[in-house]
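# What the coordinates show
Here is how the chains run, residue by residue.
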Amino acid sequence: MGVVRFTLWLILLIPQLSFANSSLNMRTGVTDISENVYQLHMIIFMICCVIGIIVFGLMFWAIFHHRKSKGVKPAQFHESTKIEILWTAIPFVILIGMAVPATKALIAMEDTTKADLTIKITGSQWKWHYEYLTYEGKKGDVDFYSIMSTPQDQITNKESKGEHYLLEVDKPLVIPTDKKVRFLMTSDDVIHSWWVPDFAVKKDANPGFINEAWTRVNTPGTYRGQCAELCGKDHGFMPVVVVAKEPAEFDAWLIESQQEKQNAAQADQALLSQTLSKEELMTLGQQVYMSSCAACHQPTGLGIPGVFPGLKASPIALGDVNAHIDMVLHGTPGTAMQAFAKQLTLKQLAAIVTYERNAWGNDTGDLVQPSQIKARLGGDE
Amino acid sequence: MNSITQDQKDSQEQIKAQEGVITTEHDDSHAEEHHGPAKGLKRWLYTTNHKDIGSMYLIFSLVMFLIGGTMAMVIRAELFQPGLQLVDPHFFNQMTTVHGLIMVFGAVMPAFVGLANWMVPLMIGAPDMALPRMNNWSFWILPFAFAILLGSLFMEGGGPAFGWTFYAPLSTTYSNDNTALFVFAVHIMGISSIMGAINVIVTIVNMRAPGMTWMKLPLFVWTWLITAFLLIAVMPVLAGVVTMVLTDKYFGTSFFNAMGGGDPVMFQHIFWFFGHPEVYIMILPAFGIVSSIIPAFSRKKLFGYASMVYATASIAFLSFIVWAHHMFTTGMPLAGELFFMYTTMLISVPTGVKVFNWVATMWRGSLSFEVPMLFAIAFVVLFTIGGFSGLMLAITPADFQYHDTYFVVAHFHYVLVTGAIFSIMAGVYYWLPKWTGNMFDIALAKWHFWLSLVSVNVLFFPMHFVGLAGMPRRVPDYALQFADFNAIISIGGFAFGLSQLLFVAVVYKCIKGGDKVPAKVWEGAEGLEWEVDSPAPYHTFETPPKIKD
């Protein structure tokens, strides 16, 4: 039968044409699961292609041969129980054939037990926070924020765009290869969705709830993804970057990061006795403001009327300095204003408040020192 | 008015009375007389005539289609190149949100209601819709709903920017103060839809001509009857969920706020319990239109009429038990994911039956390719492509990769643009000569078809590729590897948008004049609507027609 041979030929041909890992198709990825998902995608795609070719083939046969202009007289048939049962039953059987491997894959994807490393991922507008909870039975004791590092000038077309435009961050998530890594997702504000296509992991980060997912990466490398759930203005600027390292390298990285965290804490303590100059505070302040505040309050300090309040000549920035510090530290519950106490160092916080009180013609002349921030925080840090 | 109430029991006279047609005296000789419409603006404001109301719905829907389309042009212009060029991300989000709301509630749904108003009474041999005053009201509240929604775009903070799906807490705690306007607008749209649906059901159940038994109903009537039940079932759910958004935002409740004991995922369950049947509300009448057109231009009876009816009913039933397939990444338990995967896959069975039936209708027919048929054939092919990507999306493990990417955008635009909207255009081209009495400009209409067909595929087909390659939806900017395809998509978008101006021109010219057409406009067309004159008189079937066989 010509039709059967043609169909078989097509089934054999399509994988060659499937452009795996090209810009046209799903990636096979770097985990067993992602490869499995890719296979499922290709199987169901091929089933659709075959059905499509048969159905559209018959239809176009009719379009070319059963034309009134060719003098064809219409046939009279308009039902056939036999054929109608047949074309209800055949798709049903195909579906069962498809459901079996899909079910197996899904069960494997949802099995988050026996993880070697557990990382808590917290989304917030518009950054990710990674916290290493446990690694092979020990406390991870490392946590950091990961913010897009693409400069604003590239986005506004003032500079030429880099190779990883919009898909680069200041601090990537680092995980070991060949270890089962469990992710716990949650959110501080709206719903986000953490997605790395190469792992076939996409899971929503819901505020107030914790979701689970896992991966086991086979190949070291840098893998990029994005937030996949609309999360407000800068949803498109919330990339995910994961670096997978060999376990030995990962261990070294983890120890180094733990050390860095302690050093940073000590450096912050040392600052308490120092008085920083206005120039130093303003320079650092502008830098931190641009990465942490400008998304909402805008680089001009004008905000977006009706959505995000401006800071230029605002009662907060011109009013009581302690109220201003408290708002930056603790945020305003029930609004988009986040609590920055745990996101930034004492020096950065001091610099931001100083910057906001002196930029855009606010000119209060107030200088806020790290010690003052520390005092507002009380003894808890 | 007094003279009318005395001894006129004829329902036709009551209808005239409702229209406020001033009739001084009535005797038997007047019963045969046809009264024309009132003059001027009052005709349209006060009309209870199903044809007038149908026309208003259709024109309203066309206006909304153009407004929503303009927003799509803004979106595509911004996405033409990487980087931010024209609009800021906050405005971009307002465009995607309002584009979706306008197209779903302003363009597709009113167009189908307009077609139902015009065609259901003509197809079942009824003099009008059963509840003409409510019919008037259900139309006239719509412009207010959309004026409120569109007006919010011009207010401080702008319009809704949380996507047409308005997921909490983005639409509650984190939205701007104009959210109340969005909620109010959706409430009015919902009321309008419910009233329209009640009218359709009451008309079909009570006003069929004698001998028009259930299994003789044209499929457009059947599909609309089932659609109307879906509307009545789910519109109150939508009203409920927007009200919860309203009280969460303004009155301190915590339906969707975990800090108060609520659950943001519950929002999605309620929304999609409305949202999935809503998808079928926008496609079942399309099936009905195509099932009328394909037999007409194949000169052959529809294959498997009974199985078409049963398939429509099965799809409607299944639409209530698949909603969470929109939510596979929200962290549902495994059992839930499996259940919704299986039920979703099942939908392809009755949908497949429909496609097979259309192909079997064409098989060994005597085909000709007038403009309605061209759109109907394009519908069958392109809607089926949308159905295939739907089946792919049902496979949960693969959905984790497809979810919230341009693959999904491609999928639902195939089923809604080349599905619902192509079917509406097919229907308009099919019945426009009946409505106006004039044949449309066939050459121009063919240009409209071919330009739309090519551009719509340039527009939506590459979206599959960028989606699979990893481009998320609802982003104002994208990584460089997506740049080439996005430029192509935007060019397709502009071409498709401009092509629709031809449609406006064809419709306008046809209303103004053209070659006169006979009662039976198309040689192979079957049904009662082809037995009344063209243009259809202001009042039809004042005495019920006799049903053949």
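Conventions we followed
Residues numbered from 1 in each chain as written. Chains lettered and ligands numbered in written order. Predicted model: local features only at pLDDT ≥ 70, side-chain atom pairs only at ≥ 80, totals over all residues. Helix = DSSP H or I, 4+ residues; strand = E, 2+ residues; numbered from the N terminus. Rg over C-alpha atoms; globule rule 2.2 N^0.38 Å. Buried ≥ 20, exposed ≤ 12 C-beta atoms within 10 Å, placed from the backbone. Contact = placed C-beta atoms within 7 Å. Pairing = 2+ DSSP bridges. Axes fitted to C-alpha atoms, helices over the stretch in contact; angles between N-to-C directions. Core = buried A, V, L, I, M, F, W, Y, C linked by C-beta atoms within 7 Å. Nonpolar A, V, L, I, M, F, W, Y, C, P; charged D, E, K, R; others polar. pLDDT = per-residue confidence, 0-100.

### Points about the overall build of chain B
Helices and strands together make up the secondary structure of chain B, namely 18 helices and zero strands. On C-alpha atoms alone, chain B measures out to a radius of gyration of 24 Å, which is about the 24 Å that the 2.2 N^0.38 rule sets for 549 residues. Dimensions of chain B, computed from C-alpha atoms along their principal axes, come out at roughly 75 × 55 × 45 Å. Buried positions account for 61% of the 549 residues belonging to chain B. Look at the contacts in chain B between residues 6 or more apart in sequence, and 82% of them connect residues 24 or more apart.

### Description of the sheet that holds strand S7 (residues 201-205) of chain A
Residues and elements named next belong to chain A. The five strands are arranged S4-S10-S9-S6-S7 in an open sheet whose pairing can be described as mixed. Both edges of this open sheet fall to strand S4 (173-176) and S7, since each of them pairs with a single strand only. Strand-to-strand twist across the sheet, computed as the mean angle between neighbouring axes with direction ignored, equals 25°. Relative to S7, strand S6 (residues 192-196) runs antiparallel, the two sharing five bridges. Paired with Trp-194 across the strands is Lys-203, a residue of S7.

### Considering the pairing of S6(A)
Residue and element names in this part refer to chain A. Within S6, five of the five residues are buried, which leaves the element mostly enclosed by the surrounding structure. In S6, alternate side chains face the same way, and those of His-192, Trp-194 and Val-196 on one face and Ser-193 and Trp-195 on the other are all buried. Following S6, the chain reverses through four residues before pairing antiparallel with S7; Ala-200 in that reversal takes a positive phi of roughly 55°.

### Some thoughts on the environment of B:Gly331
Residue position: B:Gly331 is located in the loop between helix H12 (305-318) and helix H13 (334-362). On the basis of neighbour counts, which here come to 20 C-beta atoms within 10 Å, the residue B:Gly331 falls in the buried class. Sequence separation between B:Gly331 and B:Val265 is 66 residues, and the spatial gap between their C-alpha atoms is 9.1 Å. Not counting residues up to four positions away in its chain, the partners in contact with B:Gly331 are A:Lys203, A:Asp204, A:Asn206 and A:Asn211.

### Some thoughts on the nonpolar core
All names here are of chain B. With 274 residues, the main nonpolar core has Val-108, Val-290, Phe-375 and Ala-426 as its most contacted residues. Of the residues forming this core, the biggest block, 22 residues, is contributed by helix H5 (residues 89-124). With near-sequence residues (within four places) excluded, Val-290 lies in contact with Trp-358, Ala-376, Phe-379, Val-380, Ser-423 and Ala-426.

### Brief notes about the interface of chain A and chain B
Tallying the contact residues gives 79 residues for chain A and 80 residues for chain B. Elements supplying a minimum of two residues to the side of chain A that touches chain B: helix H2 (32-65), helix H3 (81-109) and S7 of chain A. Tallying contributions element by element places H3(A) first for the side of chain A that touches chain B, with 14 residues. When its residues are assigned to classes, the side of chain A that touches chain B shows 44 nonpolar, 21 polar and 14 charged.

### Notes on the pairing of strand S1 (residues 117-124) of chain A
All names here are of chain A. For S1, a buried count of six out of eight residues is recorded, marking the element as mostly surrounded by other parts of the structure. As paired strands, S1 and strand S2 (residues 127-135) are joined by eight bridges and run antiparallel to one another. Along S2, the bridge assignment pairs Ile-121 with Tyr-130. Between the antiparallel neighbours S1 and S2 lie two residues.

### A closer look at the confidence of the model for chain B
The share of residues in chain B with pLDDT of 70 or more is 93%, and the mean pLDDT across the chain is 92. Scored as a whole, the predicted complex attains pTM 0.92, and scored at its interfaces, ipTM 0.91.

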